[in-house]
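What follows is each chain in one-letter form.
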Amino acid sequence: MNDAKDPIARDGLAPRFWERKTLSEMTTKEWEALCDGCGKCCLNKLEDEDTGEVALTRVSCRLFDDTTCRCAQYETRHQFVPECISLKSENLDIHLYWMPTTCAYKLLWQGKTLYDWHPLISGTAESVHTAGISMQHRTVPEFEIPEEDWEDHIIEEPI
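Residues numbered from 1 in each chain as written. Predicted model: local features only at pLDDT ≥ 70, side-chain atom pairs only at ≥ 80, totals over all residues. Heavy atoms only, no water.

(A) Local environment of the packing of aromatic side chains. Under the counting rule described, the total for this entry stands at three aromatic pairs. Ring geometry for tryptophan 31 and tyrosine 105: centres 4.6 Å apart, planes at 40°, overall tilted. Of the two residues, tryptophan 31 sits in helix H1 (residues 28–33) while tyrosine 105 sits in helix H4 (residues 104–109), which places them 74 residues apart along the sequence. Pair check on accessibility: tryptophan 31 and tyrosine 105 agree, each one buried. With a centroid separation of 5.3 Å and an interplanar angle of 10°, the aromatic rings of tyrosine 115 and tryptophan 117 are classed as stacked. Using a relative accessible area of 26% as the deciding quantity, one classes tyrosine 115 as partly exposed. One cation-aromatic arrangement involves arginine 77 over tyrosine 74; the distance from NZ or CZ to the ring centre is 4.3 Å. (Phe/Tyr/Trp six-rings, centres within 6.5 Å; stacked < 30°, edge-to-face > 60°. Helix = DSSP H or I, 4+ residues; strand = E, 2+ residues; numbered from the N terminus. Buried < 20%, exposed > 50% of the residue type's maximum accessible area, 1.4 Å probe, protein only. Lys NZ or Arg CZ within 6 Å of the ring centre and 35° of its normal.)

(B) Fine view of the nonpolar core. Core analysis: the biggest nonpolar cluster contains 19 residues, and Phe17, Trp18, Leu34 and Leu120 have the highest contact counts within it. Broken down by secondary-structure element, the contributors of at least two residues to this core are H1 and H4. Here this core takes three residues from H4, the largest share from any one element. Judged by nonpolar contacts, the second largest core, of seven residues, contains Cys42, Leu43, Cys69 and Ile155. (Core = buried A, V, L, I, M, F, W, Y, C linked by side-chain atoms within 4.5 Å.)

Function cannot be inferred from these measures alone, as they are strictly geometric.
Spelled out as structure tokens, the structure:
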């Protein structure tokens, strides 16, 4: 993992650790390294009250930087967005329903493998953007779009 642009510390990790460890056995560094940097968890979602179906919108959290596909205030985000989720192996099961289909946490929980474009496989953080999976340069901030108009910004997942 020699990508200087990768904001996630992926150096020094055992090769393919995610294939030998369960999610609950992972260290904090391994857990964080599973994030592919797509930015979809920072999108506002709409849930159909009747069916429970969740749709992603391109309306992003006010802290989302769609150039880097990262939270601009990750370490202190709960001060600004108290409802932001801290995803952990202990609460993953209750959050799976709204997570994107490409999410490494969801894939591993379901017993699936990571996609070839995942930075842990490709060796570069840019691969998620090159593959067209990320939300890089594709969002609008939530403060610019009234909530009643979010339906106009529903997006389809690429995979």
